[in-house]
Amino acid sequence: MSQQKETSAGVTFAEVKGYLVLLLVACVLCTGFGYYMGYRHFYTPPPFELVQEGVITRVLDGDTAEVKAGGHTFTVRLMGYQAPETGQCFSQEATAKLQALVGKKVKVEFLPVTQPAVKYDMYGQRALVYIYTPAGENFNLTMIRDGFGHEYTVAGAYKYREEFQDAHCTARASKRGMWSKESCGQESIKGRKRACLR
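It should be emphasised that the depicted structure is a prediction, and the values quoted were computed from it without experimental measurement. Sequence order as written defines residue numbering, which begins from 1 separately in each chain. This being a predicted model, a pLDDT of at least 70 is required before a residue's local features are given, and a value of 80 or more before pairs of side-chain atoms are given or counted; all residues contribute to the totals for chains, interfaces and linings. Side-chain measures here rest on the full set of heavy atoms in the structure, leaving out hydrogens and waters.

Considerations on the overall build of the chain
- The helix and strand tally for the chain stands at 4 helices and 7 strands.
- Numbering goes from the N terminus for both helices and strands, where a helix is a DSSP run of H or I of at least four residues and a strand is a run of E of at least two. The order of helices and strands in the chain, counted from the N terminus, is α-β-β-β-β-α-β-β-α-β-α.
- Note on contacts: a residue pair qualifies if any of its non-hydrogen atoms lie within 4.5 Å across the two residues. Taking contacts inside the chain between residues at least 6 apart in sequence as the whole, the part at least 24 apart equals 58%.
- Summed over all atoms, the accessible surface of the chain reaches about 12800 Å², with 56% contributed by carbon and sulfur. Every accessible area reported is derived by Shrake-Rupley at a probe size of 1.4 Å, with residue values counting cover from the shown protein chains alone.

As structure tokens, then:
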């Protein structure tokens, strides 16, 4: 019966081998954990910036478009503004007005919520945004002011509601765009009434 060889310290070579294996495993685990923590510390994506420069890449209708911003492509809905639906009076004019921004650099302001990073519409498909033209104009407001659509929100207050409602009432009183009798007549009034006290 053979005896296991011992080191000068009285420990067998098998035991030394086992210690070395355990040490190697511990080193691998520590290294992996270190890389993981380093990744978490140095490569965690930055917070989503609510105001970003972007480019409008495609228009779906008078108040909906695709925007590339922050390395992502979003389907966006212009907040506080409702264009005539496709097929309705003045829908083509509203769509053409938005299409004039395709390919241009714009500023996109997303609405903040906790989760997800930006607020979406009632269907959960379109990020709600304010668009600012290269000249710095609030495009949502411009569309309402010039009669390409009306002020609109499902419920509650929002950032520019007072300005949008004033623009809505001014456009309606001045018969601009779709509010003109020559454009849409009474069709523009249906479902679009607002308390315009003047």
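Following the structure, the description resumes.
A short note on the confidence of the model for the chain
- The predictor attaches a confidence to each residue, called pLDDT, with possible values from 0 through 100. Summing up the model confidence of the chain, the mean pLDDT is 79 and the portion of residues at 70 or higher is 65%.
- Highest mean pLDDT in the chain belongs to helix α3 (residues 139-145) (98); lowest belongs to helix α1 (residues 13-43) (57).
- Counting interchain partners and residues more than four positions distant, the pLDDT-below-50 stretch residues 33-44 has 2 contacts.

Some points on the packing of aromatic side chains
- Ring pairs are drawn from Phe, Tyr and Trp, using the six-membered ring of Trp, whenever the two centres fall within 6.5 Å, and their geometry is named by plane angle: stacked under 30 degrees, edge-to-face over 60, tilted for the rest. On inspection of all chains with the given rule, the structure shows 6 aromatic pairs.
- Judged by centre distance (4.8 Å) and plane angle (90 degrees), the rings of Tyr 130 and Tyr 160 are edge-to-face. Here Tyr 130, found in strand β6 (residues 127-132), pairs with Tyr 160, found in the loop between β7 (150-151) and α4 (161-173); they are 30 residues apart in sequence, far enough to count as distant.
- The buried label applies to any residue whose accessible area, calculated with a 1.4 Å probe on protein chains only, is under 20% of its type's maximum; exposed applies above 50%, and partly exposed to all values in between. Residue class for Tyr 160 comes out buried when judged on its relative accessible area of 17%.
- An aromatic cluster is defined as three or more aromatic residues linked by ring pairs; in this entry it consists of Tyr 130, Tyr 158, Tyr 160 and Phe 164.
- We call a charge positioned over a ring when the NZ of a Lys or the CZ of an Arg lies within 6 Å of the ring centre and within 35 degrees of the ring normal. Above the face of the Tyr 132 ring, Lys 107 is positioned so that its terminal group lies 5.0 Å from the ring centre.

Concerning the state of the cysteines
- Throughout, a disulfide means two cysteine sulfur atoms within 2.5 Å of one another. What the rule picks out here adds up to 1 disulfide.
- Across the disulfide, Cys 89 is cross-linked to Cys 184 (sulfur-sulfur distance 1.9 Å). In this structure the cystine formed by Cys 89 and Cys 184 twists about its S-S bond by roughly -85 degrees; its chirality is therefore left-handed. With Cys 89 in the loop between β4 (81-82) and α2 (91-99) and Cys 184 in the segment after α4, this pair connects stretches of sequence that are 95 residues apart.
- Taking the relative accessible area as the measure of exposure, Cys 89 reaches 21% and is therefore partly exposed.
- The class of Cys 184 is buried, set by a relative accessible area of 12%.

Re the environment of Lys 159
- By secondary structure assignment, the location of Lys 159 is in the loop between β7 and α4.
- Judged by its relative accessible area of 52%, Lys 159 falls in the exposed class.
- Along the backbone, Lys 159 and Leu 111 are 48 residues apart, and their C-alpha atoms lie at a distance of 9.2 Å.
- Those residues within four positions of Lys 159 in sequence are excluded, and the remaining contacts are Glu 109 and Tyr 130.
- Polar contacts, as used here, are pairs of N or O atoms within 3.5 Å; protein pairs need one atom able to donate a hydrogen and one able to accept it. Residues neighboring in sequence count only if both atoms are side-chain atoms. Within the local environment of Lys 159, its side chain forms a polar contact with the side chain of Glu 109, the two groups lying 2.7 Å apart.
- For Lys 159, the side chain forms a polar contact with the side chain of Tyr 160, separated by 3.4 Å.

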